[in-house]
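For reference, the chains in residue letters:
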Amino acid sequence: MTSPLVITGMGMLSPLGCGVRRVWQRLIEGRSGIAPIDRFDTTDLPVTIAGQVPTVENDPDAGLDIDEVVEKKARKKLDLFTIYALAAAQEALTQANWFPESESAKQATATVIATGIGGFPTITRSQEVMQQRGHKRLSPFTVPAFLANLAAGNVSIEFGFKGPLGCPVTACAAGIQAVGDGMRMIRSGEADVALVGGTEACVDPLSLASFHALKALSTEAEEPTRASRPFDRSRNGFVMGEGAGLMVIETLAHARARGATPLAVLSGYGTSADAYHITAGPEDGAGATASIRAALRMADLEPADVSYINAHATSTPVGDRAEIAALRNVFGDTLPGVPLSSTKSATGHLLGAAGGVESVFSAMAVIDDTLPPTLNLDCVDDSMRNLDFVPNAARAKTVTHALCNGFGFGGVNASLIVSKAD
C-alpha cells in the first residue's frame, strides 16, 4: 500500500502577523489584517488599503523582524517576497526538524515555492532609478531580486536543498499548484521531502493601480477592516494582501522513520484549465468543477466526505458566483450542509501566496477541529442565501477532510484536500 503524504511542518507570514499559531489564533478570533497602507504615499492612488505583513515595530507580538531573517548587508540583494519565503521556511523546517546534513538527504529535498508576480516592487523601483539617475545607477542585483524563482532559489541555497527546484507562476492558483507539484515529485521518487507553498509581496503603487484598472480591487477606505467581504451582497472587489505560507511534506513512512510528527494528510490534488477568458471564469464554474472532482478522485473520497471548504472567494461579484456554481456542480443538493468560508475576508487576497497560506489554514481547521469565519458577511448574496458561510464567528466542528480552492487569471484552477492524520 502506498504511504500517505503528510505535512510535518508549517510556516506563515500574513497580514494577521507571523507564525502559524499566532496567525491562526487571530483568524479564529475574527480579527482583520486589512489597514491603510503605510509603506508609501497613497495620496494620488485610487486604492489606499491593503493587507500588509506587520513589522515588529508596529506589532511586537507577531510582527516581522527582518533583521532576524537576513543580515542588513544581504537585504539589498533580495526582494521582499524572498524575505517572506525565507522566514516562513525557517518556521516550517524547524517544526518539521528537517535540516539534512547528508548529501543524499539534501539531494532528496525539493523546493517548490510559487508566486504570482515575483519581485514586482524591485522592478518598479529600478525603473524609477533608471529614469531619474540613469542606467549606471542600477544595482547588479536587480534581476536576481525580481526573478520569480529566486524565492525558491534563495531558500534552497540557504538550507542546502539540492533536489528539484520549482516555481509555479500561475496567478492565484500558484500556491496550491506548488503543493501539488511537490506531491507529484514525492510520488514519482524525485524527492523524499518537499518544501512547498507560495509567497507574494506586491503591495506596490503600480500593482494596485493596475488591478484597479481591471476594476478588481475594492476602493473603500473609511472602514478598511470591512472592505473584504466575500459572498456579501455589497462586495465590490478584493483587497490586496501579501505574505507567505509554506509546508514541509513527505510520506508517512519517511516521517515515521525519522521520528517526525504527522500534522495532517494531503490526500487529494487536482488542477484544470477553463480555456475560457483571461481574467474571468465561466459562470457555470466548469473548470473549477473539474479541479475539485480531480482532487476528490485522487483522495478516493465522495463529496459527502468533505467536512469544510476553504473557498477561493476573493470578494469579487463574478468570481464568488462562479465558485459557488462549481461547488453546486460537485456537491449538488448537499452543499447547504457543508460549511464553507473565505479566510480572505481577514487577510485580503495574497495572489500567488494565497494557496500556500490557505492550505495551512485548511490544515489548522483539520488539526484543531475549528472552522475559521467569513468576516463582514452581514447580507448574503441572494443567490447564495441557503449556504453556510460560517459568518463572522469561528465554530467548533470535527473536520475530517477539508477542501481548499485556488483559481487564477488565465483560467487556471487548483484544488487540494487536507485530511486528518490518525
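Everything numeric in this text was worked out from a predicted model, so none of it was measured.

Q: Describe in detail unusual backbone geometry, supporting the description with residues and values.
A: Positive phi, normally seen in glycine, also occurs at Val-390, with a value near 50°. Its identity is not glycine, yet Asn-392 carries a phi of approximately 70°, on the positive side. Here Asn-392 is to be found in the loop between strand E12 (370–371) and strand E13 (395–396).

Q: So what about the packing of helix H12 (residues 286–299) against helix H13 (residues 317–331)? Which residues, and what values?
A: As a packed pair, H12 and H13 sit with axes 8 Å apart at the nearest point and diverge in direction by 45°. Judged on the interaxial angle alone, H13 and H12 are oblique. Note that H12 runs across H13; the crossing there is right-handed. Here Ala-288, Thr-289, Ile-292, Arg-293 and Leu-296 of H12 lie close against H13, whose contacting residues are Ala-326, Leu-327, Asn-329 and Val-330.

Q: Can you lay out the pairing of strand E14 (residues 401–408) for me, pointing to particular residues and giving the numbers?
A: Most of E14 sits inside the fold, with eight of its eight residues counted as buried. Burial along E14 is two-sided: His-401, Leu-403, Asn-405 and Phe-407 facing one way and Ala-402, Cys-404, Gly-406 and Gly-408 facing the other are all buried. Summarising the sheet, strand E10 (residues 308–310) and E14 pair through three bridges and their orientation is parallel. Each residue of the ladder has a partner; that of Tyr-308, found in E14, is Ala-402. Between E14 and strand E15 (residues 412–420), which follow one another and run antiparallel, lie three residues, and Gly-410 among them has a positive phi close to 90°.

Q: If you had to explain helix H1 (residues 20–28) to someone new, which residues and values would you point to?
A: Of all the residues in H1, the buried ones are Val-20, Val-23, Trp-24, Arg-26 and Leu-27. Looking straight down H1, one finds its buried side chains confined to an arc of 165°; they lie on one side. Lining the buried residues of H1 we find strand E1 (5–14), strand E2 (17–18), helix H4 (80–96), helix H14 (344–347), helix H15 (354–368) and E12. The first or second residue beyond H1 is Gly-30, which carries a positive phi of 85°.

Q: Break down the environment of Arg-21 for me, citing the residues and quoting the values.
A: Residue position: Arg-21 is located in helix H1. When the C-alpha atoms of Arg-21 and Met-364 are compared, they prove to be 8.8 Å apart, with 343 residues separating the residues in sequence. Discounting residues that sit within four places of it in the chain, Arg-21 has contacts with Met-364, Ile-367 and Asp-368. Only 2.7 Å separates the side chain of Arg-21 from the side chain of Asp-368, close enough to count as a polar contact.

Q: Kindly report on the pattern of salt bridges, identifying the contributing residues and their values.
A: If you walk through the whole model with that rule in mind, you get 16 salt bridges. Of the charged contacts, one joins Asp-320 and Arg-235 as a salt bridge, the two residues approaching to 3.1 Å between their closest N and O atoms. Taken together, the residues span a long stretch of sequence, with Asp-320 in helix H13 and Arg-235 in the loop between helix H10 (205–213) and strand E8 (243–251) at a distance of 85 residues. With a relative accessible area of 0%, Asp-320 lands in the buried category. Accessibility expressed as a relative area gives 5% for Arg-235, which makes it buried. Linked by salt bridges that have partners in common, Arg-235, Asp-320 and Asp-381 make up one network.

Q: Explain the packing of aromatic side chains to me, using residue names and the numbers behind them.
A: Within this structure, the stated rule accounts for six aromatic pairs. Ring geometry for Trp-24 versus Phe-361: centroids 6.3 Å apart, planes at 40°, classification tilted. Of this pair, Trp-24 sits in helix H1 while Phe-361 sits in helix H15, and the two are 337 residues apart along the sequence. Accessibility assignment for this pair places Trp-24 and Phe-361 in one class, buried. Measuring from centroid to centroid gives 5.9 Å for Phe-159 and Phe-161, while their planes differ by 20°, and the two rings are stacked. Exposure remark for Phe-161: the relative accessible area of 4% places this residue in the buried category. Grouping aromatic residues by their ring pairs yields a cluster made of Phe-99, Phe-159 and Phe-161.

Q: Provide a residue-level description of the environment of Ser-341, including the pertinent values.
A: Here Ser-341 is to be found in strand E11 (residues 340–341). Expressed as a C-alpha distance, the spacing of Ser-341 and Pro-373, which sit 32 residues apart in the sequence, is 5.9 Å. Not counting residues within four places of it along the chain, the set of residues in contact with Ser-341 comprises Tyr-308, Ile-309, Asn-310, Ala-311, Pro-372, Pro-373, Thr-374, Phe-389 and Val-390. Here Tyr-308 takes part through its side chain, which lies 2.6 Å from a polar atom of the side chain of Ser-341.

Q: Give me the lowdown on the nonpolar core, citing residues and values where you can.
A: Within soluble globular proteins, side chains that are nonpolar tend to cluster in buried spots. Ile-7, Met-247, Ile-249 and Leu-266 are the most contacted members of the largest nonpolar core, which totals 50 residues. For this core, the element with the most residues is H15, which contributes eight residues. Counting residues in hydrophobic clusters, the runner-up holds 32 residues, among them Val-70, Ala-87, Ala-88 and Leu-93.

Q: Can you explain the packing of helix H9 (residues 174–188) against H15? Please cite residues and give values.
A: Across the interface, H9 lies against H15 with an axial gap of 5 Å and an inter-helix angle of 70°. Taken together, the axis directions place H9 and H15 in an arrangement best described as roughly perpendicular. Listed contacts from H15 to Gly-175, Ile-176 and Val-179 of H9 are Gly-355, Gly-356 and Ser-359. Class assignment of the residues belonging to the contact of H9 with H15 gives a composition of two nonpolar, four polar and no charged.

What counts as what
Residues numbered from 1 in each chain as written. Predicted model: local features only at pLDDT ≥ 70, side-chain atom pairs only at ≥ 80, totals over all residues. Heavy atoms only, no water. Helix = DSSP H or I, 4+ residues; strand = E, 2+ residues; numbered from the N terminus. Axes fitted to C-alpha atoms, helices over the stretch in contact; angles between N-to-C directions. Parallel < 35°, antiparallel > 145°, perpendicular 65-115°, else oblique. Left-handed = near helix turned anticlockwise from the far one by under 90°. Contact = heavy atoms within 4.5 Å. Buried < 20%, exposed > 50% of the residue type's maximum accessible area, 1.4 Å probe, protein only. Pairing = 2+ DSSP bridges. Arc of directions from axis to C-beta. Polar contact = N/O pair within 3.5 Å; in protein donor to acceptor, adjacent residues only side chain to side chain. Salt bridge = Lys/Arg side-chain N within 4 Å of Asp/Glu carboxyl O. Phe/Tyr/Trp six-rings, centres within 6.5 Å; stacked < 30°, edge-to-face > 60°. Core = buried A, V, L, I, M, F, W, Y, C linked by side-chain atoms within 4.5 Å. Nonpolar A, V, L, I, M, F, W, Y, C, P; charged D, E, K, R; others polar.

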